[in-house]
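Understanding the architecture of this molecule
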Amino acid sequence: MKILVINCGSSSLKYQLIDMDNESVIAKGLCERIGIDGGHVEGKTSDGREYDLEINLPNHTVAFHKVKDALLEGDCKVIDSLDEITAIGHRVVQGGALYNQSVIVTPEVIRDIDKLSALAPLHNPAHIQGINACTEVFGNEKPQVVVFDNAFHSTMPKYVYSFAIPQELAKKHAVRKYGAHGTSHKYLVERYAEMKGISLEGTKIITCHLGNGSSITAVKDGKCMDTSMSLTPLDGLIMGTRSGSIDASAVTFLQEHEHWTPEETSEFLNKKSGLLGVSGFSSDMRDNIEARNNGDENAKLATDMLFYQIRKFIGAYTAAMNGVDAIIFAGGIGENSIPTREAVIKELGWLGIKLNEEANDCRGKEIKISTDDSAVEVWVIPTNEELAIARDTKRLVETL
């Protein structure tokens, strides 16, 4: 069984074609800068063939057609027909209170994802474009599955996911903490248990998915207890362009004095804040680290804010679980930013954590970066949301 996994971000589309007989990746690639000047498509096959294309990508539909072309045509062709693909699995950031598990795509599911776009304004509309593009190419008969990012967080206790507002209003509008990146957090703890040869029962793990969007999750007995993102992916840590947690009164103060509409306020907090807003020049952690090293004070402030907030969430979640056995770093920053991991871990000595600096000098590698005598294990585990999505897709398709 071959499953095509589509992971649409706000301005990107990642794909993997996976052979589920042995869970090997046949081909994978990335379309980036969708809807932005300088569109780029790249990919590679399991036997080492690669392609790289600079092309305008006005929307996710155009991007998906480029994916189809890459699989079927040219030097990186890996299949002779779309019929070889059994099903398509999609990542969807927000399923709200409507979905706490993966489901087969139906018109009703698409309508629900659309209705929930206000909870993930950068992502849910892009996910719908990806689903519709697949339908356009494959037809209505090819099964598609959506795997919701918030599903893993559905185990949070009510006292964790509730807001301190009148409960009749919270129920009326389904306003509560939902979380995001659940597919990644779930994969990370399961992969950790697999590597250690242990059951997740009795474990206390903190997973740090750090990238352009970042979230940290407390996982107890293999289940989510708390997570840093909330009603939408805006809450929690400072991110690439998102503000992260901010006093609601600061928002209304700025809204009043800058005469912003609600839409303009959302645009400001989601797309013009975070590392970009603080540094004044870039949402990319690599750019900010480089500028920091060259003496840029705003870049230093932006990165110091992130380092501090990561440590703060780790400390809070250690308290919430009454201890921690392992901390896992993943995502573009978590897997690749050596200075970020070092800055965070070296300030966690109160937990008995000791950094293995030689092991930490790595990027994109599955490795333990704490010393053998560290009281808490610290790992880098490259996340694999695509494989997690493919597994759920296979499971559901086999029930049809």
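Since the structure is predicted, the reported quantities are computational estimates derived from the model, not experimental observations.

**Focus on the overall build of the protein chain**
Looking only at helices and strands, the protein chain features 15 helices and 14 strands. Taken over the C-alpha trace, the protein chain has a radius of gyration of 21 Å; the compact-globule value for 400 residues is 21 Å, and the two agree within 12%. Projected onto the principal axes, the alpha-carbon positions of the protein chain cover approximately 55 × 55 × 45 Å. For the protein chain, with 400 residues in total, the buried portion stands at 52%. Summarising the internal contacts of the protein chain: among those between residues at least 6 apart in sequence, 60% fall at separations of at least 24. Approximately 18,000 Å² of the protein chain is accessible, and the part contributed by carbon and sulfur atoms is 48%. Placing the 41 positive and 56 negative side-chain charges of the protein chain at their respective mean positions leaves the two points 4 Å apart.

**Thoughts on the packing of helix α2 (residues 107-115) against helix α3 (residues 124-138)**
The interhelical angle for the contact between α2 and α3, taken along N-to-C directions, is 155 degrees, at an axis separation of 8 Å. Judged on the interaxial angle alone, α3 and α2 are roughly antiparallel. With respect to the hand of their crossing, α2 and α3 are arranged in left-handed fashion. In this structure, α2 contributes Ile-110, Ile-113 and Asp-114 to the contact, and α3 contributes Asn-124, Ile-128, Ile-131 and Asn-132. A per-class count over the contact of α2 with α3 returns 4 nonpolar, 2 polar and 1 charged.

**Focus on the side chain of Arg-341**
For Arg-341, the location among the structural elements is in helix α13 (residues 338-345). This buried residue, Arg-341, is left without a salt bridge; Asp-361 holds the nearest opposite charge, at 7.0 Å. Excluding its chain neighbours within four sequence positions, the residues that come into contact with Arg-341 are Phe-329, Gly-334, Glu-335, Asn-336, Asn-360, Cys-362, Ile-369 and Val-380.

**Concerning helix α10 (residues 285-293)**
Among the residues of α10, Met-285, Asn-288, Ile-289 and Ala-291 are the ones counted as buried. Along the axis of α10, the buried residues cluster in a sector spanning 165 degrees; they form a single face. Turned more than 90 degrees away from the buried face of α10 sit Arg-286, Glu-290 and Asn-293, all of them exposed. The inward-facing, buried residues of α10 contact α9 (274-279), α11 (297-321), α12 (331-336) and α13. Remark: Gly-295 follows α10 within two positions and exhibits a positive phi of approximately 95 degrees.

**Focus: empty space enclosed by the protein**
With the rule as written, the count across this model stands at 1 cavity of 30 Å³ or more. What the largest cavity holds in volume is close to 30 Å³. Every residue along the wall of the largest cavity is listed here: Tyr-15, Ala-27, Lys-44, Thr-45, Tyr-51, Ala-70, Leu-71, Cys-76 and Val-78. Elements that contribute at least two residues to the lining of the largest cavity include exactly β4 (40-45) and α1 (60-72). Split into classes, the residues belonging to the lining of the largest cavity amount to 7 nonpolar, 1 polar and 1 charged.

**Some remarks on the pattern of salt bridges**
Enumeration over the complete set of coordinates arrives at 24 salt bridges. The partner of Arg-91 in a salt bridge is Asp-149, with the nearest N and O atoms 3.0 Å apart. Placement of the pair is Arg-91 in strand β6 (residues 85-92) and Asp-149 in the loop between β8 (144-148) and α4 (158-161), with a sequence separation of 58 residues. For Arg-91, a relative accessible area of 8% puts it in the buried group.

**Concerning the sheet that holds β4**
One open sheet holds the 8 strands; their spatial order is β5-β4-β3-β2-β1-β6-β8-β7, and the pairing between them is mixed. Of all the strands in the sheet, just β5 (50-54) and β7 (103-104) have a single pairing partner and so form its edges. Where strand β1 (residues 2-8) lies against β6, 5 bridges are found, and the strand directions are parallel. What sits directly across from Lys-2, in β6, is Ile-85. On top of the sheet, α2 reaches β6, β7 and β8; it is set at about 35 degrees to β8, its chief contact.

**Focus on the nonpolar core**
The biggest cluster of nonpolar side chains holds 36 residues, and the ones touching the most others in it are Ile-206, Ile-216, Ile-314 and Ile-327. Counting residues per element, the ones that place at least two in this core are β9 (204-209), β10 (215-220), α10, α11, β12 (326-330), α13 and β14 (377-380). The dominant element in this core, judged by the number of residues it contributes, is α11, at 8 residues. Setting aside its immediate chain neighbours within four residues, Ile-216 contacts His-185, Ile-206, Thr-207, Cys-208, Leu-210, Asp-226, Thr-227, Ser-228, Leu-237, Ile-310, Phe-313 and Tyr-317. Core analysis: the second largest hydrophobic core is formed by 26 residues, Ile-26, Ile-79, Ile-88 and Cys-134 among them.

**A word on unusual backbone geometry**
Notably, Ala-174 is not glycine yet its phi reads approximately 55 degrees, a positive angle. If you trace the backbone, Ala-174 turns up in the loop between α5 (167-173) and α6 (182-196).

Calculation notes
Residues numbered from 1 in each chain as written. Predicted model: local features only at pLDDT ≥ 70, side-chain atom pairs only at ≥ 80, totals over all residues. Heavy atoms only, no water. Helix = DSSP H or I, 4+ residues; strand = E, 2+ residues; numbered from the N terminus. Rg over C-alpha atoms; globule rule 2.2 N^0.38 Å. Buried < 20%, exposed > 50% of the residue type's maximum accessible area, 1.4 Å probe, protein only. Contact = heavy atoms within 4.5 Å. Areas by Shrake-Rupley, 256 points an atom, 1.4 Å probe, with all protein chains shown as cover. Lys, Arg positive; Asp, Glu negative; His and termini not counted. Charge placed at Lys NZ, Arg CZ, Asp CG, Glu CD. Axes fitted to C-alpha atoms, helices over the stretch in contact; angles between N-to-C directions. Parallel < 35°, antiparallel > 145°, perpendicular 65-115°, else oblique. Left-handed = near helix turned anticlockwise from the far one by under 90°. Nonpolar A, V, L, I, M, F, W, Y, C, P; charged D, E, K, R; others polar. Salt bridge = Lys/Arg side-chain N within 4 Å of Asp/Glu carboxyl O. Arc of directions from axis to C-beta. 1 Å grid on protein atoms, 1.4 Å probe; cavity = no way out; pocket = protein on both sides within 12 Å on 5 of 7 lines; lining within 4 Å. Points joined across faces, edges and corners; volume = space filled by probe spheres on them. Pairing = 2+ DSSP bridges. Core = buried A, V, L, I, M, F, W, Y, C linked by side-chain atoms within 4.5 Å.

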